Amino acid sequence: MKLYNYFIVFSLIGFLSLACSTKKEGGGEGDAATSAAKDEALRSYNLDIEKEQTRNRFACDTISLKEYILKNYEPGTYLVEFDRTFTYNVPKPAVIYFRDTSNYVLSVIAKSKPGERNIESKNVVGYESSYINLDSTKLGTAFFWLTLFECNDGEFRRMWESEVPIHGGFNRMTIKNWSAKKQKYVELNFEDGIISGHRNYNFFMTDGWKKPPHLMETYLALAHKRVLANVNNDKYPDYYEFRFATGRGTLDSLSAIRVLDSIPFYWSVKRRLYITDKSSRWFRKY
């Protein structure tokens with residue numbers, strides 16, 4: 001009788017172990033991040049639900065854009081969402097529709113690094129994700145691209161895509177105007193907890209919307225500051241980069257931060273770099 005009971009117990013343990021193993025291999029939590037086929041199936045399913053629940057559709061709408069990305073981009077590519085304004089807000093896709101010389105769709109797209117797990121959109125948006133640069137491989141590495149589409153007869157045409165040199169912390173996208181040259185530019189705002197501030201990657205339409213933009217970065221933090229400027233009066237934006245010094249405060253004995261100097265950088269068409277007359281050794285890519 002005891003042998004029979006032992007046999008029953010071990011049989012149950014073996015059955016449960018096999019069931020758990022099968023469940024893990026066949027669609028457990030996180031599988032979509034490592035399986036392109038499962039990720040595509042899940043996204044297609046979610047799009048079908050969106051179609052059923054959306055009453056007002058229009059040509060080249062966000063659902064159509066998600067479908068286009070799913071069908072025409074490499075696996076692990078996603079339309080990014082804006083950061084939540086409030087804790088329980090429903091996040092909105094990072095898309096701006098506007099008309100200039102044509103019907104345009106401006107969007108922020110994130111691509112997963114080949115060979116790593118697919119990223120998840122929630123892991124590259126907001127303040128907490130701004131630390132992903134410290135150890136990005138566990139959650140996948142995101143490559144952001146500002147992309148402009150043209151919409152004609154309900155069909156997307158990719159005009160250009162410009163890479164954003166950051167891995168996470170996306171917050172918002174805004175179309176702005178540089179008043180000094182009456183020039184449009186797109187500001188991508190990223191949270192940056194490492195510097196205790198934010199970074200703006202600004203894409204200037206120096207030759208209109210149909211040609212790839214010019215990238216220039218600005219930022220603001222406790223001891224980091226770079227602001228837009230017009231240094232040499234050409235069509236390219238310039239900036240002042242500030243240097244800071246720290247010292248002891250006089251009132252509460254805490255460390256004080258003060259501006260030490262501001263350095264003008266301007267775009268060199270010949271070198272394709274930002275340079276300054278202060279030193280030939282100082283240059284920046286954007």
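These figures come from a predicted structure and were not determined experimentally.

1. Side note on the state of the cysteines
Here, disulfide denotes a covalent bond that connects the sulfur atoms of two cysteines. Enumeration according to the criterion identifies one disulfide in this entry. With its sulfur 2.1 Å from that of its partner, Cys60 forms a disulfide with Cys151. Taking the torsion about the sulfur-sulfur bond, which here is approximately 85°, the covalent link between Cys60 and Cys151 counts as right-handed. With Cys60 in the loop between α3 (36-53) and α4 (62-72) and Cys151 in strand β4 (residues 142-152), this pair connects stretches of sequence that are 91 residues apart. Neither Cys60 nor Cys151 differs from the other in exposure class; each is buried.

2. Details of the pattern of salt bridges
Within the structure shown, the criterion is met by 17 salt bridges. The partner of Arg43 in a salt bridge is Asp39, and the shortest N-O contact between them spans 3.4 Å. Placement of the pair is Arg43 and Asp39 together in helix α3, with a separation of four residues, close to one helical turn. The pair formed by Arg43 and Asp39 is uniform in burial state, with each residue classed as buried.

3. Quick word on α4
With eight of its 11 residues buried, α4 lies for the most part within the structure. For α4, the elements touching its buried residues are α3, β1 (77-79), β2 (95-99), β3 (103-112), β4 and β5 (155-164).

4. Observations regarding the packing of α3 against α4
With their axes 11 Å apart at the nearest point, α3 and α4 run at an angle of 165° to one another. One finds that α3 runs roughly antiparallel with respect to α4. Between α3 and α4 lies a crossing of left-handed hand. Facing Glu40, Arg43, Ser44, Leu47, Glu50 and Lys51 of α3, the residues of α4 in contact are Ile63, Lys66, Glu67, Ile69 and Leu70. A breakdown of the residues in the contact of α3 with α4 according to their chemical character gives four nonpolar, one polar and six charged.

5. Comments concerning a nonpolar patch on the surface
Taken together, Tyr127, Tyr131, Leu134 and Ile194 make up a surface patch of nonpolar side chains, about 420 Å² in accessible area. Relative to the elements of secondary structure, Leu134 occurs in the loop between β3 and β4. Taking relative accessible area as the criterion, Leu134 reaches 62% and is therefore assigned exposed.

6. Quick notes on the nonpolar core
Counting residues in hydrophobic clusters, the biggest one holds 31 residues, and the most contacted among them are Phe144, Phe170, Met173 and Leu188. Mapped onto this core, the elements with two or more residues apiece are β2, β3, β4, β5, β6 (170-178), β7 (183-192) and β8 (197-204). Each residue touching Met173, except ones within four places of it in the same chain, is listed here: Phe82, Ala94, Val95, Ile96, Leu106, Ser107, Val108, Leu146, Val186, Glu187 and Leu188. Counting 12 residues, the second largest nonpolar core, distinct from the first, contains Cys60, Tyr68, Val95 and Phe156.

7. Description of the confidence of the model for the protein
It should be kept in mind that the predicted coordinates are not to be read in detail where pLDDT is low. In this model, the protein carries an average pLDDT of 85, and 83% of its residues clear a pLDDT of 70 or more. Across the protein, the secondary-structure element scoring lowest on mean pLDDT is helix α1 (residues 2-27), at 44, and the one scoring highest is strand β13 (residues 273-276), at 98. This model gives residues 1-29 a pLDDT under 50, and the stretch forms seven contacts once residues within four places in sequence are excluded.

Criteria and cut-off values
- What you see as residue numbers is a count from 1 along each chain, following the sequence as written.
- This being a predicted model, a pLDDT of at least 70 is required before a residue's local features are given, and a value of 80 or more before pairs of side-chain atoms are given or counted; all residues contribute to the totals for chains, interfaces and linings.
- Only hydrogens and water are set aside when side-chain values are computed; all heavy atoms of the structure are taken into account.
- Working definition: a disulfide is two cysteine sulfur atoms within 2.5 Å of each other.
- The way it works is that DSSP assigns letters per residue, a run of H or I at least four long becomes a helix, a run of E at least two long becomes a strand, and they are numbered from the N terminus.
- Partly exposed describes any residue whose relative accessible area lies between the buried limit of under 20% and the exposed limit of over 50%, with all areas from a 1.4 Å probe on protein chains only and scaled to the type maximum.
- Salt bridge criterion: a side-chain nitrogen from Lys or Arg within 4 Å of a carboxyl oxygen from Asp or Glu.
- Any two residues having at least one pair of non-hydrogen atoms within 4.5 Å are treated as being in contact.
- Every axis in this analysis is a line fitted to C-alpha atoms, fitted for helices over the stretch in contact. Angles between the N-to-C directions lie between 0 and 180 degrees.
- When an angle is under 35 degrees it counts as roughly parallel; over 145 it counts as roughly antiparallel; between 65 and 115 it counts as roughly perpendicular; any other value is oblique.
- For any pair of crossing helices, the crossing counts as left-handed if the nearer helix is rotated counterclockwise from the farther one by less than a right angle, and right-handed if it is rotated clockwise.
- Under the convention adopted here, Pro, Cys and the residues Ala, Val, Leu, Ile, Met, Phe, Trp and Tyr are nonpolar, Asp, Glu, Lys and Arg are charged, and Gly plus all remaining residues are polar.
- Surface patches are defined over residues having more than 30% relative accessible area and no salt bridge, joining like charges when they lie within 9 Å and nonpolar side chains (Val, Leu, Ile, Met, Phe, Trp, Tyr) when within 5 Å.
- Throughout, the Shrake-Rupley method with a 1.4 Å probe supplies accessible areas, and for residues the shown protein chains are the sole cover considered.
- In these notes, a set of buried Ala, Val, Leu, Ile, Met, Phe, Trp, Tyr and Cys residues joined through side-chain atoms within 4.5 Å is what counts as a nonpolar core.
- One number per residue, pLDDT, summarises how confident the predictor is, and it ranges from 0 to 100.

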